[in-house]
Amino acid sequence: MANPQPKDVLGRVTLVTGPEEFLGERAIADVRAAVRAHDAEAEISETSAATLTMATLGELAAPSLFSTTRCVVVRRLEDLPEESAGGLLDYAAAPAEDIALVLAHGGGAKGSGLLTKLRKLGTVSEVKSAPLTAREYPGFVVNLLRARQVRIDPDAAEFLIQAVGQDLRSLSAAAGQLADDFEGKPISMEMVKKYFGGRAEAKSFAVADLTLHGQTAKALEELRWALDGGMAAVLVTSAMAGGLRSLARYMAAPRGMSKNDLMREVGVPAWKLDTLRRQSHGWDDEGVGRAIRSVARADADVKGQASDPSYALERMVLEVARARPVR
């Protein structure tokens, strides 16, 4: 439910489900904003489902001396006592017209029977807050800025994700900073690099890119700097594996393809194609295969089979660099 209007939430129930906390909180905030847009004096109240009875729900939803409009948020719906489920369903089937009721469920099997019944009601709208897939992050950034009436180039959105990481709160803050500082101008790659390029160089993907380019000493320097800064070791092996997969797909792609077709074939944005083109000059199929096996060993090591993850990562960088034929 993107940017809900008062009519979408008042006299209705908004069901927010899923484990992604940031998206769930944003959905709840959108409901509150819609209620306040209808009535600036509307009262906002919250409670935990574990303590919810029909009596307490009635108290929360009752008009006050100051406003008849209310937004009631019930968190952790999965903890709702069984004896309260019937009453909540009855209310959800015929909610009070000046009340916006939000029911937040954190995902999982607990309480799934209640969710099934709620979803069948015509008065219930569901907002799902599932974790994003890798392909969904660029769209998330684009939509964040679109809500601020700002356009961002797809390549710039991809670079922002690599620079900031996949924490949605951090991405939201970074997008907000860009929107504020560039005052509605289209956001380009150069703008993102100006603000976040320094952070990007210290991230795991930079270690992978430097290694695949054959810049071993620089890759080791960046790796040590990143680990000292608290970067999780598994992010480095993940980035290296992803870089090698992209390189392998690029090298296997038919020659003579258009840029757009090649982007679809390899599954990367335009700017990444330029990186892969430069990297591919130093690799052959056998070397890529050896490098992939080295990364797989390192990944197993940092996930618990080695006592020193830092050493495992440094060894991985050296082995991947040696797998790259000298030309």
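Computed from a predicted structure; not experimentally measured.

Before going further, it helps to spend a moment on the overall build of the protein chain. Along the protein chain, the regular secondary structure elements total 16 helices and five strands. In terms of overall dimensions, the protein chain is more spread out than a globule: its C-alpha atoms have a radius of gyration of 25 Å, far above the 20 Å expected for 327 residues. Seen through its C-alpha atoms, the protein chain measures out along the principal axes to roughly 80 × 45 × 40 Å. By the burial criterion, 47% of the 327 residues in the protein chain qualify as buried. Relative to all contacts within the protein chain whose residues are 6 or more apart in sequence, the contacts with residues 24 or more apart total 76%. Within the structure as shown, the protein chain displays about 16,600 Å² of accessible surface, and the carbon and sulfur contribution to it stands at 51%. Computing the positive centroid from 41 side-chain charges and the negative centroid from 43, the protein chain places the two 7 Å apart.

Moving on, we come to the pattern of salt bridges. Here the structure, examined in full by the defined rule, presents 18 salt bridges. Of the charged contacts in the structure, one is a salt bridge between Lys-7 and Asp-8, with a shortest N-O distance of 3.4 Å. Taking the relative accessible area as the measure of exposure, Asp-8 reaches 24% and is therefore partly exposed. The network of salt bridges with common partners includes Glu-25, Arg-32, Glu-46 and Arg-75.

With that settled, the discussion passes to the packing of helix H12 (residues 233–252) against helix H14 (residues 270–280). Each packed pair of helices is defined by two parameters, the angle between the axes and the distance between the axes. Running from amino to carboxyl end, H12 crosses H14 at an angle of 80 degrees, the nearest separation of the two axes being 10 Å. One element, H12, and the other, H14, form an angle in the roughly perpendicular class. Note on element contacts: H14 touches H12 through Leu-273, Leu-276, Arg-277, Gln-279 and Ser-280, opposite Ser-246, Leu-247, Tyr-250 and Met-251. Per-class residue counts for the contact of H12 with H14 are five nonpolar, three polar and one charged.

Attention now moves to helix H5 (residues 112–119). Residues of H5 that are buried include every one of Leu-114, Leu-115 and Leu-118, and no others. The arc that holds every buried residue of H5, seen down its axis, measures 100 degrees, which confines them to one face. Residues of H5 that are buried sit in contact with strand E1 (12–17), helix H4 (82–93), strand E4 (99–105) and strand E5 (124–128).

Buried residues dominate helix H10 (residues 204–212), accounting for nine of its nine residues. Gly-214 lies just past H10 and shows a positive phi near 85 degrees.

A cluster of like positive charges, contributed by Lys-193, Lys-259, Arg-277 and Arg-278, occupies part of the molecular surface. With respect to the helices and strands, Arg-277 occurs in helix H14. Classification of Arg-277 as partly exposed rests on a relative accessible area of 37%.

What follows covers the packing of aromatic side chains. In this description, an aromatic ring pair is defined by two values, namely the gap between the centres and the angle between the planes. Tallied over the full model, the rule gives two aromatic pairs. Where Phe-22 meets Phe-140, the ring centres are 6.1 Å apart and the plane angle is 75 degrees; that geometry is what we call edge-to-face. Note that Phe-22 is positioned in helix H2 (residues 21–38) and Phe-140 in helix H6 (residues 137–146), a separation of 118 residues in sequence. Here Phe-22 and Phe-140 have matching classes, each one buried. Above the ring of Phe-159, the side-chain terminus of Lys-193 is found at 5.6 Å from the ring centroid.

Take unusual backbone geometry next. Even without being a glycine, Arg-76 presents a positive backbone phi close to 55 degrees. Note on placement: Arg-76 falls in the loop between strand E3 (70–75) and H4.

Okay, the packing of H2 against helix H8 (residues 168–182) next. At a minimum axis distance of 8 Å, the contact between H2 and H8 shows a crossing angle of 55 degrees. Between H2 and H8, the interaxial angle falls into the category oblique. Where H2 abuts H8, its residues Glu-21, Phe-22, Leu-23 and Glu-25 lie against Leu-168, Arg-169 and Ser-172. Tallied by class, the residues present in the contact of H2 with H8 amount to three nonpolar, one polar and three charged.

Criteria and cut-off values
- Residues numbered from 1 in each chain as written.
- Predicted model: local features only at pLDDT ≥ 70, side-chain atom pairs only at ≥ 80, totals over all residues.
- Heavy atoms only, no water.
- Helix = DSSP H or I, 4+ residues; strand = E, 2+ residues; numbered from the N terminus.
- Rg over C-alpha atoms; globule rule 2.2 N^0.38 Å.
- Buried < 20%, exposed > 50% of the residue type's maximum accessible area, 1.4 Å probe, protein only.
- Contact = heavy atoms within 4.5 Å.
- Areas by Shrake-Rupley, 256 points an atom, 1.4 Å probe, with all protein chains shown as cover.
- Lys, Arg positive; Asp, Glu negative; His and termini not counted.
- Charge placed at Lys NZ, Arg CZ, Asp CG, Glu CD.
- Salt bridge = Lys/Arg side-chain N within 4 Å of Asp/Glu carboxyl O.
- Axes fitted to C-alpha atoms, helices over the stretch in contact; angles between N-to-C directions.
- Parallel < 35°, antiparallel > 145°, perpendicular 65-115°, else oblique.
- Nonpolar A, V, L, I, M, F, W, Y, C, P; charged D, E, K, R; others polar.
- Arc of directions from axis to C-beta.
- Patch = residues over 30% accessible without salt bridge, like charges linked within 9 Å, V, L, I, M, F, W, Y side chains within 5 Å.
- Phe/Tyr/Trp six-rings, centres within 6.5 Å; stacked < 30°, edge-to-face > 60°.
- Lys NZ or Arg CZ within 6 Å of the ring centre and 35° of its normal.

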